[in-house]
Amino acid sequence: LYIRIPYWSRETFVKVNGEAIPVSAGTYARLERCWRQGDLVELSFDMRIQMIHAADIAPDAHPETACHVALQRGPLMLARDSRLGEDVASAEKLVESDGCAVAEPSDSADFERSVEYRIQTEDGFITVVDYASCGKSWEADKPVTVWITTR
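Residues numbered from 1 in each chain as written. Predicted model: local features only at pLDDT ≥ 70, side-chain atom pairs only at ≥ 80, totals over all residues. Heavy atoms only, no water.

**Focus on the overall build of the protein**
Helix and strand counts for the protein come out as one helix and 15 strands. Overall, the protein is about 60 × 40 × 25 Å in size when its C-alpha atoms are taken along their principal axes. The buried share of the protein, taken over its 151 residues, is 35%. Summarising the internal contacts of the protein: among those between residues at least 6 apart in sequence, 61% fall at separations of at least 24. For the protein, the exposed area adds up to about 9200 Å²; of that, 50% sits on carbon and sulfur atoms. In the protein, 16 side chains carry a positive charge and 25 a negative one; their mean positions are 6 Å apart. (Helix = DSSP H or I, 4+ residues; strand = E, 2+ residues; numbered from the N terminus. Buried < 20%, exposed > 50% of the residue type's maximum accessible area, 1.4 Å probe, protein only. Contact = heavy atoms within 4.5 Å. Areas by Shrake-Rupley, 256 points an atom, 1.4 Å probe, with all protein chains shown as cover. Lys, Arg positive; Asp, Glu negative; His and termini not counted. Charge placed at Lys NZ, Arg CZ, Asp CG, Glu CD.)

**Structural notes on the packing of aromatic side chains**
Across all of its chains, the model carries one aromatic pair by this definition. When the ring centre of Phe-111 is taken as origin, the NZ or CZ atom of Arg-83, which lies over that ring, is 3.7 Å away. For the cation-ring pair, Arg-118 lies above Phe-125, with the distance from its terminal atom to the ring centre recorded as 3.8 Å. (Phe/Tyr/Trp six-rings, centres within 6.5 Å; stacked < 30°, edge-to-face > 60°. Lys NZ or Arg CZ within 6 Å of the ring centre and 35° of its normal.)

**Observations concerning the pairing of strand β13 (residues 124-130)**
Every other side chain in a regular strand lies on the same face of the sheet, so the side chains alternate between the two faces. Counted residue by residue, β13 has five buried out of seven residues, so it is predominantly covered. Pairing of strand β8 (residues 76-81) with β13, which is carried by two bridges, proceeds in the antiparallel orientation. From the neighbouring strand, Leu-78 faces β13, where its bridge partner is Asp-130. Strand direction decides the pairing type here: strand β12 (residues 116-121) and β13, joined by six bridges, are antiparallel. Paired with Arg-118 across the bridge in β13 is Thr-127. The antiparallel pairing of β12 with β13 creates a hairpin that spans two residues between the two strands. (Pairing = 2+ DSSP bridges.)

**Things to note about the sheet that holds strand β2 (residues 13-16)**
One open sheet holds the three strands; their spatial order is β3-β2-β5, and the pairing between them is antiparallel. Pairing within the sheet leaves two strands with one partner each, and these edge strands are β3 (19-21) and β5 (41-44). Adjacent strand axes in the sheet meet at a mean angle of 30°, parallel and antiparallel pairs treated alike. In the sheet, β2 pairs with β3 via three bridges, with the strands oriented antiparallel. Its bridge partner being in β3, Lys-15 is matched across the sheet by Ala-20. (Axes fitted to C-alpha atoms, helices over the stretch in contact; angles between N-to-C directions.)

Written out as structure tokens, the structure is:
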């Protein structure tokens, strides 16, 4: 049995019948054994909201881009949507823990979305939703952004 361990899951746990199997992000876990009825495979993926710093992925980019961060939860990119009533262009100082945003689930949007989180900043919170749900009623005066300006 081959199980894909996604690159975004930095802390993945795989167990077979309660026994931990070592795995690495961005690879396949190879579970080779004589399988029996009742065998149990358990998976736990790292679903913390990871902070992707623009300077880390494009170190030679224009200096203005170095102060941007994107948020990713598992395979989902998150984004700010002005329909939430926030200034999506405002510069924020996000609270970070082990390369991840400090966040809590939220339910304030009055539009359909898959996920919504409040991200802690030094001054309070900002709200993000899954990128796929952003801007579905696109209007020029209702911008969205994946890259959050930091300060």
